[in-house]
Amino acid sequence: MKHETIETNAGWLIALTLVVISIGGLAEIVPLYFLDDTVEEVKVNGIETVRPYTPLEVRGRDIYMREGCYLCHSQMIRPFRDEALRYGHYSLAAESKFDHPFQWGSKRTGPDLARVGQKYTNQWHVQHLVEPRSVVRGSIMPNYPWLLENKLKYKDIAARMKALKIVGVPYSETKAEYDNNVKRFGKDVAVFLDINQAEANLINQAITNNYDGDKTNVTEMDAMVAYLQVLGTMVDFKKFDDGHFSTFR
Amino acid sequence: MAPTDSNKSDSNKSQTKKPAVQTTGHAWDGDIQEFNNPLPNWWVWAFYLTIVFAIVYWIFFPAWPIGRDYTKGVMNDIEYTTADGKQVKTHWNTRALFEKNMREAEIEQQKYLDQLASASIEEIANDEVKSNFAYSMAKVLYADNCAACHQPGGAGVVGAYPNLADDAWLWGGSFEKIKTSIAAGRNGIMPAFSAKLTATQIDDVAEYVLSLSKHKTDVGKTARGKEIFNGTSGGCYFCHTKAGSGMESMGAANLTDSVWTLADVPAGDNLQAKKEAVKAIIQKGVNRKMPAWDERLTETQIKILAFYVHQLGGGK
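Residues numbered from 1 in each chain as written. Chains lettered and ligands numbered in written order. Predicted model: local features only at pLDDT ≥ 70, side-chain atom pairs only at ≥ 80, totals over all residues. Heavy atoms only, no water.

Q: What am I meant to see in the overall build of chain A here?
A: Tallying secondary structure elements over chain A gives 11 helices and two strands in all. For chain A, the sequential pattern of α-helices and β-strands runs α-α-β-β-α-α-α-α-α-α-α-α-α. Looking at the 249 residues of chain A, the share that counts as buried comes to 43%. When contacts within chain A are restricted to residue pairs at least 6 apart in sequence, long-range pairs at least 24 apart make up 70% of them. Of the roughly 13000 Å² that chain A leaves accessible, carbon and sulfur atoms contribute 59%. In chain A, which carries 30 positive and 32 negative side-chain charges, the distance between the mean positions of the two groups comes to 3 Å. (Helix = DSSP H or I, 4+ residues; strand = E, 2+ residues; numbered from the N terminus. Buried < 20%, exposed > 50% of the residue type's maximum accessible area, 1.4 Å probe, protein only. Contact = heavy atoms within 4.5 Å. Areas by Shrake-Rupley, 256 points an atom, 1.4 Å probe, with all protein chains shown as cover. Lys, Arg positive; Asp, Glu negative; His and termini not counted. Charge placed at Lys NZ, Arg CZ, Asp CG, Glu CD.)

Shown next as structure tokens:
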């Protein structure tokens, strides 16, 4: 093709520019899908401990994205000493393998949240989200009072989980898929991954744990806090040798 | 616009007069020409250099995928000893580099940490080197993990997070008890009485509670409140003791002092307002949790924090 043809035709110019600049990306990213070591194996007694989110956590994650929390918070602890001392063990690839899209982020106006799960109580999170300055003086995080007021919409939860299933998250619809999840994640977890039970499971988790301090309603706060409380808690690093995960690199 | 062969318009004269620079031969919109200057030499060489750099990099660092594996690079070994004494030697990678970094710093700190791990609280307090080290470490740990609830300096939030800097303790202010509070967490529970007691009874018992801390209260109400507090209808004494001085094993607050952790009594400027604050707690009950830290922090870190909290002002 002649140079002139490309230069004088915007369509060609855009298409071919995209081809050229994607070569770098493809060469760097595509091989990672085929390497054994990219995503670490995290198994304790033959059971995978990194699991897909429960229906309630899925909704919490949706709200996390809707509110743009990722604009100020990363979820990616890099393997540096200073980060490990403040936030804990560096993040594993395996820990975001069920995240679509992942929430690694690239901006830390606030602290990293990759291991914030179980660090604070539900009560603290509720108070902090409604009015950050009531617990952290001088915080510049915005107030999110509507999380406590808005009833959580969950009628479409099964459809949301089906969508995630299409991109590879192992939620189950059939008995065979369910049985497979029991083998992979254990029964307690498999129950929560069953799309047929999604709505009942969501309500049950919200009411039992009462994240927002109000047992009568399922609010967006229930979902948000459920999600925050599970972040970074799926890998028990005490169960692995020191430096075990560096053998995957 | 399609390019025309060359341009002959007048407005372009100033350009065409310039020293002869090669053009691409295109002209746009009739008069815009495209120069075809050669790239500067430094740029061309820098470009070649990046190619040479890439090849050198491929040799010395992990680079090329081969099937399910990849080249690890040569002469780039990282060696370190893990905490449990294992020798590790591996090709260059950021995680091994991190492990090595952490170990080197740990070894550097270990001599202090070892001293702290075996020292008693008095030994730490009386030894300048030890206490300086403990303080500087504790301050950072406290800011990262505790300040969000207990506030900078341990001031706490009335109604939510207890003050750690005063000498009133729910669960005990000895070094060991503070350490247990931090390591295992605490859960302060008091049942709600809104259904168990009538409005008058709650009013009376609140009146009695305020009398315990030397507030001037109504004699009749106080007497009736005392009955409820120490009797089966209220059963408050079960956790707060008959004297109202609290019980450490239950985390039950001392009601006889002027320190209030939940009911914001000092904020009320008359007896009625103070009583409302107390009544609110009795009606709703309490369920406050302090997270456990033994999963997140090491034993020595918890010890250092306990030392710090103990020294904040109120340790016993």
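Once the structure has been displayed, the description carries forward.
Q: Help me understand the pairing of strand β6 (residues 87–90) of chain B, please; the structure alone is not making it clear to me.
A: Looking along a regular strand, one sees the side chains alternate between the two faces of the sheet. Residues and elements named next belong to chain B. Of the pairings in the sheet, the one linking strand β5 (residues 78–81) to β6 comprises four bridges and is antiparallel in character. Across the sheet, Ile78 pairs through a bridge with Thr90, a residue of β6. Between the end of β5 and the start of β6, which pair antiparallel, lie five residues, with Gly85 showing a positive phi angle near 85°. (Pairing = 2+ DSSP bridges.)

Q: Honestly, the interface of chain A and chain B in this entry has me stumped. Any pointers?
A: How big an interface is tends to be expressed through the accessible area that disappears when the partners come together. Taken together, the contact pairs 42 residues of chain A with 40 residues of chain B. Here chain A packs against chain B, burying approximately 3400 Å² in sum over the two surfaces, 49% of which is carbon and sulfur. Counting across the interface, chain A meets chain B through four salt bridges. Across the pair Glu40 of chain A and Arg95 of chain B runs a salt bridge whose closest N-O atoms are separated by 2.8 Å. Linking chain A to chain B there are 12 residue pairs in polar contact (both at pLDDT 80 or more). (Buried area = accessible area lost by both parts, 1.4 Å probe. Salt bridge = Lys/Arg side-chain N within 4 Å of Asp/Glu carboxyl O. Polar contact = N/O pair within 3.5 Å; in protein donor to acceptor, adjacent residues only side chain to side chain.)

Q: Help me understand the environment of Ala252 of chain B, please; the structure alone is not making it clear to me.
A: Residue and element names in this part refer to chain B. Structurally, Ala252 is set in the loop between α10 (237–240) and α11 (271–284). Between the C-alpha atoms of Ala252 and Gly231, which are 21 residues apart in sequence, the distance is 17 Å. Every residue in contact with Ala252, bar those within four places of it in the chain, is listed here: Leu170, Cys239, His240, Gly246 and Met247.

Q: For this particular structure, what's the right way to read the confidence of the model for chain B?
A: Atom-level detail of predicted coordinates should not be read off regions where pLDDT is low. Residue and element names in this part refer to chain B. When pLDDT is averaged across chain B, the result is 90; 94% of the residues are at 70 or more. Ignoring residues within four places in sequence, the model shows residues 1–14, a span with pLDDT below 50, making 20 contacts including any to other chains. Scored by ipTM, the complex comes to 0.89, with pTM at 0.90. (pLDDT = per-residue confidence, 0-100.)

Q: Is there a simple way to explain the state of the cysteines in this structure?
A: Residue and element names in this part refer to chain B. Taken as a whole and assessed by the stated rule, the structure comprises zero disulfides over all chains. With no disulfide of its own, Cys149 lies closest to Cys146 among cysteine sulfurs, the gap being 8.7 Å. No disulfide involves Cys236; its nearest neighbouring cysteine sulfur is the one of Cys239, lying 8.8 Å away. (Disulfide = S-S within 2.5 Å.)

Q: Please explain the packing of helix α5 (residues 128–145) of chain B against helix α12 (residues 299–311) of chain B as it appears in this structure.
A: Residue and element names in this part refer to chain B. Their axes nearest at 9 Å, the elements α5 and α12 cross at an angle of 95°. The orientation of α5 relative to α12 falls into the category roughly perpendicular. Note on element contacts: α12 touches α5 through Gln301, Ile304, Leu305, Phe307, Tyr308 and Gln311, opposite Ser131, Ala134, Tyr135, Met137, Ala138, Lys139, Leu141 and Tyr142. Of the residues that constitute the contact of α5 with α12, the class distribution is 10 nonpolar, three polar and one charged. (Axes fitted to C-alpha atoms, helices over the stretch in contact; angles between N-to-C directions. Parallel < 35°, antiparallel > 145°, perpendicular 65-115°, else oblique. Nonpolar A, V, L, I, M, F, W, Y, C, P; charged D, E, K, R; others polar.)

Q: Quick question: what am I supposed to make of the nonpolar core here?
A: The tendency in soluble globular proteins is for nonpolar side chains to be buried side by side. Grouped together as the largest cluster of nonpolar side chains are 59 residues, with contacts concentrated most on Leu129, Tyr171 and Phe245 of chain A. Going through the elements one at a time, α3 (55–66), α5 (122–130), α7 (157–166), α10 (198–209) and α11 (220–230) of chain A together with α3 (94–118) and α6 (147–150) of chain B are the ones with two or more residues in this core. Here this core gets eight residues from one element, more than from any other, and that element is α11 of chain A. If you look at the next biggest cluster of nonpolar residues, it comprises 28 residues, including Ile121, Ala138, Ile182 and Val309 of chain B. (Core = buried A, V, L, I, M, F, W, Y, C linked by side-chain atoms within 4.5 Å.)

Q: Whenever I open this one, the domain arrangement of chain A confuses me. Can you help?
A: Domain boundaries assigned for chain A yield domain 1 (3–34) and domain 2 (43–236). Using only C-alpha atoms to locate each centre, domain 1 of chain A and domain 2 of chain A end up separated by 36 Å. (Domains from an automatic or database assignment.)

Q: I'm lost on the pattern of salt bridges in this one. Help?
A: A side chain of one charge can pair with a side chain of the opposite charge when the charged atoms of the two come close. If you walk through the whole model with that rule in mind, you get 38 salt bridges over all chains. Among the salt bridges present, the one from Lys165 of chain A reaches Glu177 of chain A, with a minimum N-O distance of 3.0 Å. Here Lys165 of chain A, found in helix α7, pairs with Glu177 of chain A, found in helix α8 (residues 175–185); they are 12 residues apart in sequence, far enough to count as distant. Its salt-bridge partner being Lys177 of chain B, residue Glu248 of chain B comes within 3.2 Å of it at the nearest N-O pair. With Glu248 of chain B in the loop between α10 and α11 and Lys177 of chain B in helix α7 (residues 175–184), this pair connects stretches of sequence that are 71 residues apart. When its relative accessible area of 37% is taken as the criterion, Glu248 of chain B is described as partly exposed. A cluster of three or more residues bridged by salt bridges with shared partners is formed by Asp203, Glu207, Lys221, Lys275, Glu276 and Lys279 of chain B.

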